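Listed here are the chains, written in short residue letters.
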Amino acid sequence: MLYFPKIARKYICNLIVDLKKVKQNFNKFKTIYIGGGTPSSLSISLLENLLKYASILLLKNGEFTFEANLDSLTEEKLKILKKYGVNRLSIGIETSSNKYLSLMNREYNFDINKKMELVKKYFTNFNLDLIYGLPNETLLEVKKDLEFILNFKPKHISIYALEVNPNSKFYIDGIKEEKDEILRKQYDFVVNFLKKNGYNRYEVSNFALKGYKSRHNINYRKDNEYVAIGTSSSGFIDNIRYVNSSSISNYIKGKRNKETEIITKTSDKTYYILTNLRLEEGFKLCDYKRKFNEDFYLKKKEVIDDFIKHNVLIMDKDRIRVAADYIYVLDSIVIKLI
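The rules we used
- Residues numbered from 1 in each chain as written.
- Predicted model: local features only at pLDDT ≥ 70, side-chain atom pairs only at ≥ 80, totals over all residues.
- Heavy atoms only, no water.
- Helix = DSSP H or I, 4+ residues; strand = E, 2+ residues; numbered from the N terminus.
- Rg over C-alpha atoms; globule rule 2.2 N^0.38 Å.
- Buried < 20%, exposed > 50% of the residue type's maximum accessible area, 1.4 Å probe, protein only.
- Contact = heavy atoms within 4.5 Å.
- Areas by Shrake-Rupley, 256 points an atom, 1.4 Å probe, with all protein chains shown as cover.
- Lys, Arg positive; Asp, Glu negative; His and termini not counted.
- Charge placed at Lys NZ, Arg CZ, Asp CG, Glu CD.
- Polar contact = N/O pair within 3.5 Å; in protein donor to acceptor, adjacent residues only side chain to side chain.
- Pairing = 2+ DSSP bridges.
- pLDDT = per-residue confidence, 0-100.
- Salt bridge = Lys/Arg side-chain N within 4 Å of Asp/Glu carboxyl O.
- Phe/Tyr/Trp six-rings, centres within 6.5 Å; stacked < 30°, edge-to-face > 60°.
- Axes fitted to C-alpha atoms, helices over the stretch in contact; angles between N-to-C directions.

This part takes up the overall build of the protein chain. When its secondary structure is counted, the protein chain shows 15 helices and 13 strands. Computed over C-alpha atoms, the radius of gyration of the protein chain comes to 21 Å, within 12% of the 20 Å expected from 2.2 N^0.38 for 338 residues, which places it in the range of a compact globule. With respect to the principal axes defined by its C-alpha atoms, the protein chain has extents near 60 × 50 × 40 Å. Relative to its full complement of 338 residues, the protein chain shows a buried share of 46%. Looking at the protein chain alone, contacts between residues at least 24 apart form 65% of all its contacts between residues at least 6 apart. For the protein chain, the exposed surface amounts to about 18400 Å²; the carbon and sulfur share of it is 50%. Across the protein chain, the mean location of the 58 positive side-chain charges is 6 Å away from that of the 42 negative side-chain charges.

Listed below in structure tokens is the structure:
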């Protein structure tokens, strides 16, 4: 959308309409996250207009994250982000390898080091994304990517295994996702490497220096409510989970076409267990009981005790969490707990 100025203007106008509705219906928010694609490629005027309306929704000392691609990030845009209270950036580096960037159609025609120095001139708190599990990628190449992004001293790092989606360039080129055993070796290597360099894993895919966990990520993982506007965005309000239409043309015509799921007590329990156990700290049994009026341990005692016996789960006083070595296979654990 952002390469078509007329469509971009109409889209931002519709986002602002929705932002005004949010302002009327909700109190201010602890966190705001502007993402989905490349919002940094907006023109200066559209970017400023969007931020002007979004910024008034943030509580004092709230976390305001903005997703950006380095190729469209300029000093003027960084100044505007700073002006409207953005205090955290999330930047998709993905890999330092020209070979893999070429495969992803993301070759850079600029100096990444100079761009990052520009970012650091205005922001100290930023996340860098890294993709692992690239085609035939070696541990040495993974290490090289990690060393590359650590040179920029990010406060936060997010890692993602490559997903080959239908109609993507990888899919068209016949590239398949790596085998689980290879992905596990690479994931464990990343976890250990980052830990040695002071980055603690607080969620399956997220690592942070002390004091720099993403508050937005944690709110989402704790199964708390959040409002979403814009195409393909998802939200959770008043026991309803919803996904907005992915069609920009429908969105700018005012047709949000939300997919909705009314959350029952049973489905909410599933979401709660699934999202909270993604966190390294897990969750407190008393919080679960307060929310669902049910004792989680007594309900699943046999399964939990077996997991504890085999060092899969750890129960420390009132808190239950997945042991570090088993976080990677979290889904198979959760299935037996729900």
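Now for the side chain of Thr275. Along the chain, Thr275 falls in helix H11 (residues 265-276). Relative accessible area serves as the criterion here: at 9%, Thr275 is assigned to the buried category. Among the polar contacts made by the side chain of Thr275, one reaches the main-chain carbonyl oxygen of Tyr271 at a distance of 2.7 Å. A polar contact is formed between the side chain of Thr275 and the backbone oxygen of Tyr272, at a distance of 3.4 Å. Among residues more than four places away in sequence, those in contact with Thr275 are Tyr220, Arg221, Lys222 and Asp223.

Attention now moves to the pairing of strand S6 (residues 200-203). As judged from the three bridges shared by S6 and strand S7 (residues 206-208), these two strands associate in the antiparallel manner. The partner of Arg201 across the bridge, within S7, is Phe207. Two successive antiparallel strands, S6 and S7, enclose a turn made up of two residues.

It is worth spelling out the confidence of the model for the protein chain at this point. With 99% of its residues at a pLDDT of 70 or more, the protein chain shows a mean pLDDT of 93. Confidence, expressed as mean pLDDT per element, reaches its minimum in the protein chain at helix H7 (residues 169-172) with 80 and its maximum at S7 with 98.

The next subject is the side chain of Ser245. Tracing the sequence through the fold places Ser245 in the loop between strand S9 (240-243) and helix H10 (248-252). Residues in contact with Ser245, not counting those within four places in the same chain, are Thr231, Ser232, Asn250, Lys255, Arg256 and Asn257.

To continue, consider the pattern of salt bridges. Counted by the stated rule, this structure contains 16 salt bridges. With a shortest N-O distance of 2.6 Å, Glu147 and Lys143 are connected by a salt bridge. With Glu147 and Lys143 both in helix H6 (residues 139-150) and four residues apart, this pair spans about one turn of that helix. Accessibility expressed as a relative area gives 31% for Lys143, which makes it partly exposed. The salt bridge partner of Arg201 is Glu280, with a shortest N-O separation of 2.9 Å. On the criterion of sequence distance, the pair formed by Arg201 in strand S6 and Glu280 in the loop between H11 and strand S11 (283-284) is long-range, its members being 79 residues apart. On the basis of relative accessible area, Glu280 is assigned to the partly exposed category, the value being 25%.

Positive phi, close to 50°, is recorded for Asp238, a residue that is not glycine. Tracing the backbone through its elements, the reader meets Asp238 in the loop between strand S8 (234-237) and S9. Asp238 gets classed as exposed once you look at its relative accessible area, which sits at 59%. One non-glycine residue, Asn293, lies in positive phi territory at about 55°. Mapped onto the elements, Asn293 comes out in the loop between helix H12 (285-292) and helix H13 (296-299).

Further remarks concern the packing of aromatic side chains. Counting across every chain of the model gives 14 aromatic pairs. Both rings, one in Phe189 and one in Phe193, keep their centres 6.0 Å apart while their planes meet at 25°; by these two values the pair is stacked. A residue pair is termed a helical-turn pair when its members lie 3 or 4 positions apart in one helix, as Phe189 and Phe193 do in helix H8 (residues 180-196) at four residues. The partly exposed category is assigned to Phe189, whose relative accessible area is 23%. Residue classification places Phe193 among the buried positions, given a relative accessible area of 15%. Between the aromatic rings of Phe283 and Phe296, the centroid separation amounts to 5.5 Å while the plane-to-plane angle is 65°, which identifies the pairing as edge-to-face. Highlighted residues: Phe283 in strand S11 and Phe296 in helix H13, separated in sequence by 13 residues.

It is worth spelling out the sheet that holds strand S5 (residues 156-161) at this point. Taken in spatial order, the seven strands make up an open sheet running S1-S2-S3-S4-S5-S7-S6, and their pairing is mixed. With partners counted over all chains shown, the strands left at the sheet margins are strand S1 (29-34) and S6, one partner each. Taken over all neighbouring pairs, the strand axes of this sheet differ in orientation by 25° on average, direction set aside. Here strand S4 (residues 126-132) runs beside S5; their pairing, made up of six bridges, is parallel. By the bridge assignment for S5, Leu128 is matched with Ile157. Running over the sheet, H6 touches strand S3 (88-94), S4 and S5 and is turned about 170° from S4. The strands touched by H8 within the sheet are S4, S5, S6 and S7, with S5 carrying the most contacts at an inclination of about 175°.

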